[in-house]
Structures are given as C-alpha cells and as structure tokens.
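These are the residues of each chain, in order.
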Amino acid sequence: MRLQALAIAMVIVSGVAIFIMSLSTYESLYETRESYYRDHHFADVFASLKRAPLSVAQRIQEIPGVDKIETRVVTYVNLDVTGYDNPVSGHLISLPSQSKGLLNQIFLSKGRLLESARDDEIILSEEFADAHQLKSGDKLKATINGRSKTLTIVGTALSPEYMYQIAPGAMFPDYKSYGVMWMAREPLASAYDMKGAFNDVALTLTKGANEQDVIDQLDELLKPYGGIGAYARKDQMSNRFLTEDLKQLQNQATIFPIIFFGVAAFLLNVVISRLIALEREQIAVLKAFGYSNIDIGLHYSKLVLMITALGILVGIGFGIWMGKAMSNLYMDIYSFPFMHYLINPAIIASAALVSIIVAILGTLFSVKRAAKLPPAQGMRPEQPAIYKQTLIERLGLQQHFSQPSRMILRHIERRPFKSLLTTLGISMACSIMMVGGFQEGAINEMIDVQYNMTQREDFMAIYAEPTSQRSLYSLESVQGIEQAEGFRYVNARVIFEHRSYRTSVTGVEPNSELMRLLDNDLKKISLPKEGIIITDYLAELLHIKIGDMLTIEVLEGHRPTLQVPVVGTAKQYIGLNVYIQRETLNHLLKEGDVISGAYLKVDEIYQQQAYRELKNMPRIVGVVEQESAIAGFYETMDNTILFFTFITTLLGASIAFGVIYNSLRIALSERNRELASLRVLGLKRSEVAYILLGEQALLTLIAIPIGFVIGIGICGYLAMKFNNDLYRVPLVLEADVYALAALTVILSSIISATMIWRNLAHLDMVAVLKAKE
Amino acid sequence: MDRPLQPEDKKRVFHIKNATKTYQMGEVLVHALRGVNLDLYRGELTVLLGASGSGKSTLLNILGGLDAPTEGIVLYGPPDQSIDLSQAKEDELTDYRRFNVGFVFQFYNLIPSLTALENVAVVTEIAESPMTPEDALKLVGLGKRLNHFPAQLSGGEQQRVAIARAIAKNPDVLLCDEPTGALDSKTGIMVLEALQKVNKELGTTTVVITHNAGIAQMADRVIHLTDGQITEIHVNETCLSPQELSW
C-alpha cells in the first residue's frame, strides 16, 4: 500500500507542480515585465520615419493624449567583431549623453554612460557582449554611413525595448550575429546627417488617451517625413514575442494539470475501491460494533486526503523549484535585468483545492458504498466473479489461445471500463511526453521550410536606398558570388474589407531560384506578371480569397494606394508577407528599375572573403546570413528543449509508473489466490507472471498507439493555439518523439513488472489451500 | 471390496524419516511436526485424521512440495531413484508438482475466468502425458458440463472439476485437503466416489486429509495425528464404498 500511495502521490505531485510552475512563471514574468516596463518608461507608441526636423517633435507633443515623447536617431549597421568572421549587424540607437534616455530607458548592467562629445563610444547590449565575450574597454568596428569606424565599449546594458533582439527578417534571436547598441546622439546624428533632426520617435500616452487616435494623428503628421506607420506597444516586436510566450504558458497551465488530475482521480478510485473490497469484513465488524456510516466514510476519506496532502505538499515544493528554474530560463531568453519570482498564495490555494476536489470526486463513490454496506452483508464474501467467453472467442478463434491467454482476455473483457481507463492512463503518459518533444520537430520544420526551401540565399545584402538593378553586376563581380537576385521591398499596410495588417511587399524575380514560394504541398509556385501571392495565414487573417482585390497602402515614397488581385497563397511558417513581381512593383510605384537589396548565392569557400568585400561597399547597410544565425539559435534553444524534454519525460514516467504499478498491485491483490493455486498445480513463476503481466503488457501495447493519437491531438491543439502572425507552428512529430514516448512507457512497465515479479516469488501457496475466497 | 494390499505388492512412493517442522508465530515457536516416520505405497488410499493443529496439513504440504521440513528427510520415488523433497530447490519442487502431484483443495480453487473444460486444460497443457480434459471430466461424471464457468456450477460440481483437474495429468500422487469440507453429505459422497474411482481405476496413490472420522472407513490405511506426532496407524481390512460411510 505504501508504494501504491506514493505512486499516486507522485501523479498528484506532477499535476500540482506543473500547475504552480506554469501559473507562477506566468505571473512572475507578467509582473516583472510590467515593473520593468514601468520603471524604465517603456513607450506606448513607436514610429519610424525617414527624416524630420526636431521642430516636428513639438507638433507630436501637441497631439491630444501624448504624454512624454523622445525622438531618436536609429540606424542599421554592419559590424566587425575581431575573431568572428560571419556577418554581424546591429541597430545603433541614439542616447542622450550622460543619460539612460527619457523613454525605453536602458538598464546599465556594467560600465558607464556615454559622454556627449565622444564619437567612438558605445554601450553594447549585454547579450551581444556576452555572446562575443566583449567587455568595457574592448573595441569593435562598425561601418557607419559607408565608413569603417572603431568604437570603444564603455558599458553593457539591457533594454525593455529589446528584450527579444531579433534582426530584421530573422525568425529568432541570435546574439552572435545581431546586436543592439547605443551611441551618443550628437556624433550619431552628424554621421548620418541628422543634426537637428530625427528618424525615430517613441512616446507615452496620458491616462485615458485613445491609442488609435494618437497613432492615426501621428501617421498623418509623419507622412510628409517618410513615416512608415506608427504602431502601439502591443505590436512592438520584442513585446509581441514575449506576449506570445506568456500565452503559451497559460495554455500549459490548463492542459497539463487536467491530464494529471484526471489520472490521479482514476488511480485513487481504483486503489481505494480495492482497499475497501479487501477490508469489507473489517468494515462490517466495525459497523456491527456501532461505528456510523460517517465514521467509516471519514476513515477512508482521511486516507485519501493524506495521500493527496502528501502530493500537494511535495508538488508545491517542486512547483516552486520548477517555476524558479523556468523563470530564470525566461529571464535569460528575454534578458530581464531582474526577475521577481512571485508565488501567489492564491495559486497554491487553488492547486490544493483542485487536488482535494479531484481526490474526493475520484473516491466519493467507493467510500460512500463502503459506508453504506450493511454489516451482515459485509461479513459474507463478495459474490464470485462471473465471466463469459470473449467476443474474439465467440468468433471461433479460441483454439488459438492457451488457457492463460484466455484468462487475460476474459479478465480484460469482464471489466472493460476499468481496462479502458487503465489504457487511457498509460496513453496519457505517452502523449504528455510527445508534447515535450514536439517543439523540436516543429522548429526543425519551420527552419527547413523557411530557410532551406523558401529563402535559399546564403547572404542577403540590404541597400541603404533603392538602387539601380545594374548594381547587381558589381555584386556578381565579387569573388565567390555565384548568383545575385535583386528584390524590391516596401513597408505597407494591406487592407481587405474592414481588416488590415501592417507588413511589407516584396518584389521578386518571376522565376527566382533564391526566393521560392511554395504551395501547401511545399511545391514551387511561380509568380505571375499580374497579381500578388500572399502568405496563407495572411489570407486567413484578412478573410481574403484568391481572386479578391487586396488594397495596399504603401508607407514609403509617394505613398500610393494600390489595388492588386490575389492570385495565390504561399505556405510560410514565419511572418506574413506579400509577394509580387519586382518589375510590376517598380511599375506600380512609378519608379525605375530599382532594387532594395539582393539575395546572394555564395560559394562556401569564399563566404568570409565575400562578406568582407560586401560590407565595405558604401551602398550596403547590412548583410544578413541565416546559416550561422540558425546555428546560434539552436545553441540557445538546446538548453530550453533539454529542460522541457527532461520535465515532460519525468512527468510522463510518473504517470506511466503510477498507472502501471498500481494496476499491477491491484491485479496481484485481486488474483493472489488464483495465481497461488496455479503455482500449487505446478505452473512456474514465469507462467503465472505471464497471466498477470501479460494483461498489463497487452493494455500497455494497446495504450501506446492510442497515446500517439492523443499526443498528436494535444500537440495539434497546442500548435493551433501557438499560431499567430509572427509564426505558425507546424505539427511535425519526428520518429524520435514517438520512440522516446513509447520507450519511457515501456521502461516504466518493465520497472513495475520487475517489482511485481519479486512479489510473485512470495505467493503463499500454503495459505490458499485453506483460505476461503 | 478388493483385498487389502499385500506387502509384496507394495512399492514405496514416499519415505518420511524423522520429519519435524517448527515455525515462529509471533513470539511463539510452534512445533507442527515432531519426528514423523511414515512410508506411503503405490496405489494406496490413505486418510490423515486429526484435530485442527494436529499437523496433518503440514504433513500434506510437505508431501506436496509446498513446504519443507525443518529437519528429517522426505524421499519421493522408489528407493533406487528417489529425490529428497526436503532438499529440493524451488524449480525442482515446481517440476515435482507439475508432473507428479495432483491437488484437490478444500475450497476447490477453480479459475473463475475459465470453464470446467479449460480449468482442466490449464493443467493438461503443461503435463507430460495427460488424459484429455473431456475424459477427465467424464471420469468424475461431468461430461455434460464442460463449458460451464465455475459461477454456473454447484459446490459439488466445482469440487469434481477440481478432482478432474488434479487427475487429468495422470499424477503419481493425489493430495486432497479436506475435499468434502465445504460440502453437504450428499454432495460429499459424490466427490468421494469420484476420488475412490480414480484411486482404483488409475491406481493413483491418494492422501486425503479430513477431520471426519467417518471418511476413514474408505481408506486402506488411516493415520492418526496428534500434536505433530503419529499416534496410531490403522489398516482397514475392508474398505467401505462412500455410499456405505456413516457421515
């Protein structure tokens, strides 16, 4: 009984722990983020533009609802870190000298603030500095407005604006290839001809201000200055990613505990029912002595509550431990300067309450029946079990089964509901483990589709300004560059009916080899002369069908509004994009044969050399390379994935062991007499074990494929919940996910079986000769 | 009735010498057997008679390879090729029970999930030269209830299935622990008739435990046990048939 109670407690521990972990991590992250945002004056509205004189700032300030505003100079630069040969780029953001800024204040983790007059000082984002092991006093080179300049690091910092640092066009943070840094405003402004001007503005709102009104007025105001559309905090990239992750945590906080508590209720039910069956006579005797129904009911309730209480207590401990570990993991991923790990007593109270309710619900019926048992009836043995031939046998297949095999089948069929629940319990263990492994497959598939099949370039070179298509010749002349394809890229708002989305329109070559659009079956689709192809999820979001006209408000240049028919959708897991033939886009924008950058295919041997040449070209502001970014991402993801796999394997194994060990113990207790009799008749321990363990093995083998199906269902549900405009999570379960899940279940059953095998050695053959049923 | 066995017919099946059995029960040391000496012979029907606690069940358990004596030897088989049950390992004892012994329990101990026929088959499937389960059941008069589950049979019928199960493997020894203990007299007689029939027709050495002295009259030999010792061995000149027993 002790081990059985422990096995049940373990399942409750898992449920309570994951409930507390998810919710406390959620709350801690949420609260920490709020206080970080508040303390560091994270802006409410952001806008980028081409160039506006500082006088415009005054007019922004006058927009009703605007509280504080801060104008900035922000540029994208190529970087050169000694000892790292792959492309590195970053955002250089102006910061008032001797200040952390007015809004989006940095958190200076090391070093000092910037001095006004120095044009060679920068503060580096801590993650980038750590990734390259750079510290105060170290130097790095940046190509600023076409000129290479050596910069000295004076400090490292974190920023609420860049908790999730992601390079433009990238899918995930990679601190080696992309970093954020701050430079004093005066030198940065003069390097980019922004003296007395700005190209970026952030502002906070007064209480009760209408955000959308402010955004609309700001857009209107910045239009002549090349504004590309203001957006609210909720659409700010770093904040968006964090919000999506918080949402996932909330999903986790519901789906997992439901499974665990369900299994715990089932286990308590079977164990208590069996215990009551064994103690039938004692119950009757106690009642004959005058114990009331309530006394009997309380006796068993106390036992149930004790097991539950043990599970709750240990679960709280584990939950807090895992919550802290998880919060720290998020602190690293999101670069929080601090983490206030909060454990809300209400979460603990609800975990405890839910566990107790589940325990009571699981055992109510058995306990009630025990309490109500009339004493005289209790002292008589229970009616012998009635069996019949199984369905399979009635079909005439019985000659294929030995007697022990028939015993197994009939035993399963006699209590189909219990067999079903046991099977389901094991299936749940299997499915939970699949959830742990599913992220990895999904990420692999996302990367594969996005970077191996769709964006097939080695480098992407980005021009500072739209440049003639002829510039491709100079790119192609760089040694190692095998192919160069130009693309045109404009920021735009796309509108269909009352729905709109802010994205970009990319003009690509009609039969581009380096930028392939794929249909649902991942087959290449070609882009016709007229019309656009949009990401499938964008079509869903806008409720637009092929053949409908999409309105495109271009947010650059002359800001034309275009009407273009949708001619197809493309499968993409990352971002929402609109594609059109480059020439058509040039034509619609009433511009010449110009491109915004180029996709480059580069011979692997010459990549570093080609990169060095590219980044020294004055027109090129950035060179993006995906491969090292992906490698870096995998490095950071590995720990997270390992942590999740570890946790889910632990959880899955606890369920599998809890269910299998308990059902075996109960089966052993129920069939002790039968098995001992067979031993007396000369059956070997292994033959007797076959009857007992064979039934469990059969149920386990049935449970695994069912578990796979449930696992696919849960993963599919989670994937669906994860879907958003930033990324869609494909449901891809790799073979190793199934293998690990099945293996853990099988191992748990082998361990349980081994423990039962030892018990089978001690079957009391002498006792069964005398004992009555 | 047949004549009693003559010494020259007797082939020794068991040779028990100075068997004692003690076990700890809480703080008390119980002497279940105190130096028992006994030989049992082929084809003999022996009744072990005694009050509860007299040691008869312990003796039967030792004969059945379910328990081992604390001291003494228990040889099974003819003198030149006997095995010592008191020294046998678990596997050897399992094989001994599997191939040589048939057990009949007081409470039948049938497998509830198997029919009468299957309950017998469970043993014949693992035996060396068994009779068919149908034949075994016919022998105990249950040829027509082959496909009934235990829950569908009366107590006497269940016990006869148990006898069929015990004899179906053609065992050398049939050990019966209070086979009629849970039955009324009429049913008990039917069960004893089945036992006697098996003993006579198949020549199976049969040991029956009972505290019902009436049953002793159908035995070749009656062994009285008191406090772990054999107090009397009585040879019946004429064995009564179960019908003639005074219950």
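It should be emphasised that the depicted structure is a prediction, and the values quoted were computed from it without experimental measurement.

A.B. asks: Would you mind going over the overall build of chain B in detail, with residue names and values included?
C.D. replies: Along chain B, the regular secondary structure elements total six helices and ten strands. Within chain B, contacts between residues at least 6 apart in sequence are counted, and of these 69% link residues at least 24 apart.

A.B. asks: Could you give an account of the overall build of chain A, with specific residues and numbers?
C.D. replies: Looking only at helices and strands, chain A features 21 helices and 22 strands. Expressed along its principal axes, the backbone C-alpha trace of chain A runs to roughly 100 × 55 × 50 Å. When each of the 773 residues of chain A is scored for burial, the buried share is 46%. Contacts in chain A between residues far apart in sequence, at least 24 positions, make up 83% of those at least 6 positions apart.

A.B. asks: Summarise the interface of chain B and chain A; cite the residues concerned and give the values.
C.D. replies: Interface size is commonly expressed as the accessible area that is lost once the parts come together. Contact with chain B, which involves 25 residues of that partner, is made by 25 residues of chain A. Counting only elements with at least two residues in the side of chain B that touches chain A, the list comes to helix 2 (90–100) and helix 3 (116–124) of chain B. Element by element, the count of residues in the side of chain B that touches chain A is highest for helix 3 of chain B, at four residues.

A.B. asks: If you had to explain unusual backbone geometry to someone new, which residues and values would you point to?
C.D. replies: Positive phi, normally seen in glycine, also occurs at A:Lys590, with a value near 55°. Considering the arrangement of structural elements, one finds A:Lys590 in the loop between helix 16 (582–588) and strand 21 (594–602). The residue B:Glu178 is not glycine, and still its phi comes out positive at about 45°. Note that B:Glu178 resides in the loop between strand 7 (173–177) and helix 6 (185–202).

A.B. asks: An account of the sheet that holds strand 7 of chain B is requested, with residue identities and associated values reported.
C.D. replies: Paired through their backbone hydrogen bonds, the strands of a sheet run either parallel or antiparallel. All names here are of chain B. Strand order in the open sheet made by the six strands is 6-7-8-3-9-10, with mixed pairing throughout. Edge positions in the sheet fall to strand 6 (101–104) and strand 10 (229–235), since each of these pairs with one other strand and no more. On average, each strand axis in the sheet is inclined to that of its neighbour by 20°, with strand direction left out of account. Alignment of strand 6 against strand 7, held across four bridges, turns out to be parallel. The partner of Gly-102 across the bridge, within strand 7, is Leu-174. Docked against the sheet, helix 5 (residues 155–167) engages strand 6 and strand 7, running at close to 170° with respect to strand 6. On top of the sheet, helix 6 reaches strand 3 (45–49), strand 7 and strand 8 (205–210); it is set at about 155° to strand 8, its chief contact.

A.B. asks: Describe the sheet that holds strand 11 (residues 231–232) of chain A, and please don't skip the residues or the numbers.
C.D. replies: Residues and elements named next belong to chain A. Spatially, 2-10-1-11 is the arrangement adopted by the four strands of the open sheet, whose pairing is antiparallel. Only two strands of the sheet have a single partner each, and these edge strands are strand 2 (66–72) and strand 11. Sheet topology places strand 2 next to strand 10 (residues 197–205); five bridges connect them, and they run antiparallel. If you follow Arg-72 over to strand 10, its bridge partner there is Asp-200. This element, helix 5 (residues 211–222), spans strand 1 (45–53), strand 2, strand 10 and strand 11 of the sheet and lies at about 15° to strand 1.

A.B. asks: Kindly report on the packing of helix 8 (residues 293–334) of chain A against helix 9 (residues 345–372) of chain A, identifying the contributing residues and their values.
C.D. replies: All names here are of chain A. Remark: helix 8 packs on helix 9, axes separated minimally by 9 Å, with the N-to-C direction vectors making an angle of 150°. Considering the angle they form, helix 8 stands roughly antiparallel to helix 9. As helix 8 packs across helix 9, the resulting crossing turns out to be right-handed. On the side of helix 8, the interface is formed by Asn-293, Ile-296, Gly-297, Tyr-300, Ser-301, Val-304, Leu-305, Thr-308, Gly-311, Ile-312, Gly-315 and Ile-316, while helix 9 contributes Ile-348, Ala-351, Ala-352, Ser-355, Ile-356, Ala-359, Thr-363, Val-367, Lys-368, Ala-370, Ala-371 and Lys-372. Classifying every residue of the contact of helix 8 with helix 9 gives 14 nonpolar, eight polar and two charged.

A.B. asks: Describe helix 5 of chain A, naming the residues involved and giving the relevant values.
C.D. replies: All names here are of chain A. Here helix 5 contains twelve residues, and its C-alpha end-to-end distance of 16 Å stays within 8% of the 16 Å for a straight helix at 1.5 Å per residue. Those residues of helix 5 that fall on the buried side of the exposure criterion are Val-214, Ile-215, Leu-218, Leu-221 and Leu-222. An end-on view of helix 5 places all buried positions within 130° of arc, on one side of the element. Away from its buried face, by an angle of more than 90 degrees, helix 5 presents the exposed residues Gln-212 and Glu-220. In this fold, the buried residues of helix 5 make contact with strand 1, helix 2 (55–61), strand 2, strand 10 and strand 11.

A.B. asks: Residue-level account of the environment of A:Ser686, with values.
C.D. replies: Residues and elements named next belong to chain A. Its place among the elements puts Ser-686 in helix 19 (residues 685–722). On the neighbour-count criterion, Ser-686 (10 C-beta atoms within 10 Å) is exposed. The sequence separation of Ser-686 and Leu-760 amounts to 74 residues, and the corresponding C-alpha distance is 9.1 Å.

A.B. asks: So what's going on with the pairing of strand 17 (residues 532–535) of chain A? Which residues, and what values?
C.D. replies: All names here are of chain A. By the bridge criterion, four bridges tie strand 17 to strand 19 (residues 561–570) in an arrangement that is parallel. Within the sheet, the bridge partner assigned to Thr-535 lies in strand 19 and is Ala-570. Relative to strand 20 (residues 578–581), strand 17 runs antiparallel, the two being bridged by two bridges. Its bridge partner being in strand 20, Ile-533 is matched across the sheet by Tyr-579.

A.B. asks: Before we move on, could you go through the confidence of the model for chain B and cite the residues and values that matter?
C.D. replies: The predicted model of chain B averages 88 in pLDDT, with 96% of residues at 70 or higher. Interface confidence for the predicted complex, expressed as ipTM, amounts to 0.90; the pTM equals 0.81.

A.B. asks: Provide a residue-level description of the nonpolar core, including the pertinent values.
C.D. replies: Formed by 298 residues in total, the largest nonpolar core has its most connected members in A:Ala264, B:Ile163 and B:Ala164. Residues contacting B:Ile163, with those up to four places away along its chain left out, are B:Val104, B:Val140, B:Val191, B:Ala194, B:Leu195 and B:Val198.

A.B. asks: Any chance you could break down the packing of helix 1 (residues 2–39) of chain A against helix 8 of chain A for me, citing the residues and the numbers?
C.D. replies: All names here are of chain A. It is at 6 Å that the axes of helix 1 and helix 8 come closest, and there the two elements cross at 35°. At the point where helix 1 passes helix 8, the crossing takes the right-handed sense. Class assignment for the residues of the contact of helix 1 with helix 8 results in 21 nonpolar, ten polar and no charged.

A.B. asks: So what's going on with helix 8 of chain A? Which residues, and what values?
C.D. replies: The end-to-end C-alpha distance of helix 8 of chain A is 57 Å, a good match for the 62 Å that 42 residues give at a rise of 1.5 Å each. Immediately downstream of helix 8 of chain A, the backbone of A:Ser335 shows phi near 50°, a positive value.

A.B. asks: Could you give me a rundown of the environment of A:Pro96, with the residues and numbers involved?
C.D. replies: Residue and element names in this part refer to chain A. Relative to the helices and strands, Pro-96 resides in the loop between strand 4 (88–95) and strand 5 (107–111). Since 16 C-beta atoms lie within 10 Å of it, Pro-96 is described here as partly exposed. For the pair Pro-96 and Gln-403, spaced 307 residues apart in the sequence, the C-alpha separation amounts to 87 Å.

A.B. asks: Hey, could you go over the environment of A:Leu562 for me, with residue numbers and the actual values?
C.D. replies: Topologically, A:Leu562 is positioned in strand 19. In this structure, A:Leu562 is in contact with A:Ile552, A:Val554 and A:Leu588, ignoring residues within four places of it in sequence.

A.B. asks: Lay out the pairing of strand 20 of chain A with the relevant residues and their values.
C.D. replies: All names here are of chain A. On strand 20, burial covers both faces: Val-578 and Ile-580 on one face and Tyr-579 and Gln-581 on the other are all buried. When strand 14 (residues 499–508) meets strand 20, the two strands line up parallel, connected through four bridges. Note that in strand 20 the partner of Gly-507 across the bridge is Ile-580.

Rules of the game
- Residues numbered from 1 in each chain as written.
- Chains lettered and ligands numbered in written order.
- Predicted model: local features only at pLDDT ≥ 70, side-chain atom pairs only at ≥ 80, totals over all residues.
- Helix = DSSP H or I, 4+ residues; strand = E, 2+ residues; numbered from the N terminus.
- Contact = placed C-beta atoms within 7 Å.
- Buried ≥ 20, exposed ≤ 12 C-beta atoms within 10 Å, placed from the backbone.
- Pairing = 2+ DSSP bridges.
- Axes fitted to C-alpha atoms, helices over the stretch in contact; angles between N-to-C directions.
- Parallel < 35°, antiparallel > 145°, perpendicular 65-115°, else oblique.
- Left-handed = near helix turned anticlockwise from the far one by under 90°.
- Nonpolar A, V, L, I, M, F, W, Y, C, P; charged D, E, K, R; others polar.
- Expected span 1.5 Å × (residues − 1).
- Arc of directions from axis to C-beta.
- pLDDT = per-residue confidence, 0-100.
- Core = buried A, V, L, I, M, F, W, Y, C linked by C-beta atoms within 7 Å.

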